[in-house]
Amino acid sequence: MSQNKTDGEVIFVGAGPGDPELITIKGSRALERADRVIYAGSLVNPELLKLCRPGTPCHDSASLTLEEVLALMLDGTKRGETIVRLHTGDPSMYGAVKEQFDYLEEQAIPYSVIPGVSSVFAAAAAVKREFTLPDISQTLILTRLAGRTPVPEREALAQLARHQTSMAIFLSVQDMGAVVEALLEGGYQASTPIAVVAKASWPDEEVLFGTLETIVAKVQAAGIRKQAQILVGDFLDPTGGYARSKLYDPTFTHEYRQGTDR
Ligand SMILES: C[S@@+](CC[C@H](N)C(=O)[O-])C[C@H]1O[C@@H](n2cnc3c(N)ncnc32)[C@H](O)[C@@H]1O
């Protein structure tokens, strides 16, 4: 570890899925006091930059390499700056943050992370559904198809589909045919409900509902090729019914409430 002691710091902030009101209060306060911002311009809503003090330098990382981003962090923190690194949704999902954390640790530059609302939860809000319905599924798998970034074979979509859980699939709508093929191979029925939510929480948000049989044609017709969540599972349309929660059942006793006899 090198001895690069500095008064500056880097704050990783989850910008949320798009709607500028979906950043946390803590995240917006970090932007208000930032001396410099590095934001993922391909997905972060630029409206959020209006929270910064006038004249705050804001760098769009879309056209930068990792080395260029790290150089901005090193130079700025050496001068004592508070730098906000603004990532879309929540930084922990497909955020490419670990390589930045590792560098900051090597350089002994202090950093912290403020979580954000992931697009997976903005998509659930858009379709007004709950991923975890009793008797349907108590598990949510967050995954993606392999692209230029490989996915380990044991996590191939068809393997994960065997669990028949609720699923949210990032970064894959451009290959909708391959998504459906893998889900069918894994054992989902052709009638399984599926939704595609493009630009969740943005003014031009688009929601498509279908089944594994119908969704490819719908996505093609809508021309959706990026920035979409694919949600799969019976939680979307529990035709066989689901069990109501125990927590709010009048006969169920728990720490905060005495149940009654029916
Ligand atoms: C590089 S990943 C970043 C994910 C982000 N960290 C998060 O928590 O949402 C980009 C992918 O997230 C999804 N995504 C991001 N913003 C979205 C939005 N507003 N609506 C739907 N999907 C979105 C898409 O699948 C997109 O391909």
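Up top you'll find the structure we're talking about.
Residues numbered from 1 in each chain as written. Predicted model: local features only at pLDDT ≥ 70, side-chain atom pairs only at ≥ 80, totals over all residues. Heavy atoms only, no water.

*Asks:* Just to check I follow, could you spell out the side chain of Ser 166 for this structure?
*Replies:* Structurally, the position occupied by Ser 166 is in strand S7 (residues 166–170). Here Phe 131 takes part through its backbone oxygen, which lies 2.7 Å from a polar atom of the side chain of Ser 166. When neighbours within four sequence positions are excluded, Ser 166 is seen to be in contact with Phe 131, Ser 137, Thr 139, Leu 140, Ile 141, Val 232 and Phe 235. (Helix = DSSP H or I, 4+ residues; strand = E, 2+ residues; numbered from the N terminus. Polar contact = N/O pair within 3.5 Å; in protein donor to acceptor, adjacent residues only side chain to side chain. Contact = heavy atoms within 4.5 Å.)

*Asks:* Explanation requested: the layout of surface pockets in the structure shown.
*Replies:* Over the atoms, a rolled probe matching the size of one water molecule traces out where space is still vacant. The volume enclosed by the largest pocket comes to roughly 1,100 Å³. Taken together, 38 residues make up the lining of the largest pocket; nearest its centre are Ser 42, Leu 43, Thr 88, Tyr 94 and Leu 171. For the lining of the largest pocket, the elements supplying multiple residues, two or more each, are helix H2 (66–78), strand S4 (82–87), helix H3 (98–106), helix H4 (119–127) and strand S10 (228–232). The two domains that each donate at least three residues to the lining of the largest pocket are domain 1 (9–114) and domain 2 (119–236). (1 Å grid on protein atoms, 1.4 Å probe; cavity = no way out; pocket = protein on both sides within 12 Å on 5 of 7 lines; lining within 4 Å. Points joined across faces, edges and corners; volume = space filled by probe spheres on them. Domains from an automatic or database assignment.)

*Asks:* Please explain the pairing of strand S2 (residues 36–39) as it appears in this structure.
*Replies:* Two faces make up the sheet, and in a regular strand the side chains alternate between them. Burial along S2 is two-sided: Arg 36 and Ile 38 facing one way and Val 37 and Tyr 39 facing the other are all buried. Of the strand pairs in this sheet, S2 and S4 are connected by 4 bridges, and their pairing is parallel. Residue Tyr 39 lies in a different strand from S4, and its bridge partner there is Leu 86. Relative to strand S3 (residues 58–60), S2 is paired through 3 bridges, and the arrangement is parallel. Within S3, the residue paired with Tyr 39 across the bridge is Asp 60. (Buried < 20%, exposed > 50% of the residue type's maximum accessible area, 1.4 Å probe, protein only. Pairing = 2+ DSSP bridges.)

*Asks:* Just checking my understanding: could you explain the packing of aromatic side chains for this structure?
*Replies:* By the definition in use, this model includes 5 aromatic pairs. Ring geometry for Phe 12 versus Phe 101: centroids 4.8 Å apart, planes at 85°, classification edge-to-face. In this pair, Phe 12 sits in strand S1 (residues 9–14) while Phe 101 sits in helix H3, placing the two residues 89 residues apart along the sequence. With respect to class, Phe 12 is no different from Phe 101; both count as buried. Ring pairing ties together the aromatic residues Phe 12, Phe 101 and Tyr 111, which thus form one cluster. Directly above the aromatic system of Trp 202 lies the positively charged group of Lys 199, at a separation of 4.4 Å from the ring centroid. (Phe/Tyr/Trp six-rings, centres within 6.5 Å; stacked < 30°, edge-to-face > 60°. Lys NZ or Arg CZ within 6 Å of the ring centre and 35° of its normal.)

*Asks:* Sorry, what's going on with the site of the ligand here?
*Replies:* Surrounding the ligand, one finds 18 residues, the nearest of these being Met 93, Ser 118, Ser 119, Ala 200 and Ala 228. One nitrogen or oxygen atom from the main chain of Leu 171 is found 2.9 Å from an oxygen atom belonging to the ligand. Within the backbone of Ala 200, one N or O atom sits 2.8 Å away from a nitrogen atom of the ligand. Taking 570 Å² as the accessible area of the ligand by itself, protein coverage stands at 92%. Here the ligand is seated within the largest pocket. (Near = heavy atom within 4 Å. Areas by Shrake-Rupley, 256 points an atom, 1.4 Å probe, with all protein chains shown as cover. Sits in = over half its atoms within 2 Å of the grid points.)

*Asks:* Before we go on, may I ask you to explain the nonpolar core in this structure?
*Replies:* Soluble globular proteins tend to bury their nonpolar side chains together. In terms of nonpolar packing, the biggest core is built from 26 residues, with Met 176, Leu 183, Val 196 and Ile 230 touching the most fellow members. Looking at this core, the elements that each hand over two or more residues are helix H5 (157–161), S7, helix H6 (176–185), strand S8 (193–198), helix H7 (215–222) and S10. By residue number, the principal contributor to this core is H6, which donates 5 residues. Contact partners of Leu 183, with chain neighbours within four places excluded, come to Leu 157, Ala 161, Met 167, Ile 169, Tyr 188, Ile 194, Leu 212 and Val 232. (Core = buried A, V, L, I, M, F, W, Y, C linked by side-chain atoms within 4.5 Å.)

*Asks:* Before we go on, may I ask you to explain the sheet that holds S3 in this structure?
*Replies:* Hydrogen bonding along the main chain pairs the strands of a sheet, whether they run parallel or antiparallel. Read across the sheet, 5 strands follow the order S3-S2-S4-S1-S5 without closing on themselves; strand pairing throughout is parallel. Edge positions in the open sheet fall to S3 and strand S5 (111–114), since each of these has one partner strand only. Between one strand and the next, the sheet's axes are offset by a mean angle of 20°, whatever the strand orientation. Each of S1, S2, S4 and S5 touches helix H1 (residues 25–33); the most contacted strand, S1, lies at about 140° to it. Across the sheet, H2 is in contact with S1, S2, S3 and S4; its angle to S4 comes to roughly 155°. (Axes fitted to C-alpha atoms, helices over the stretch in contact; angles between N-to-C directions.)

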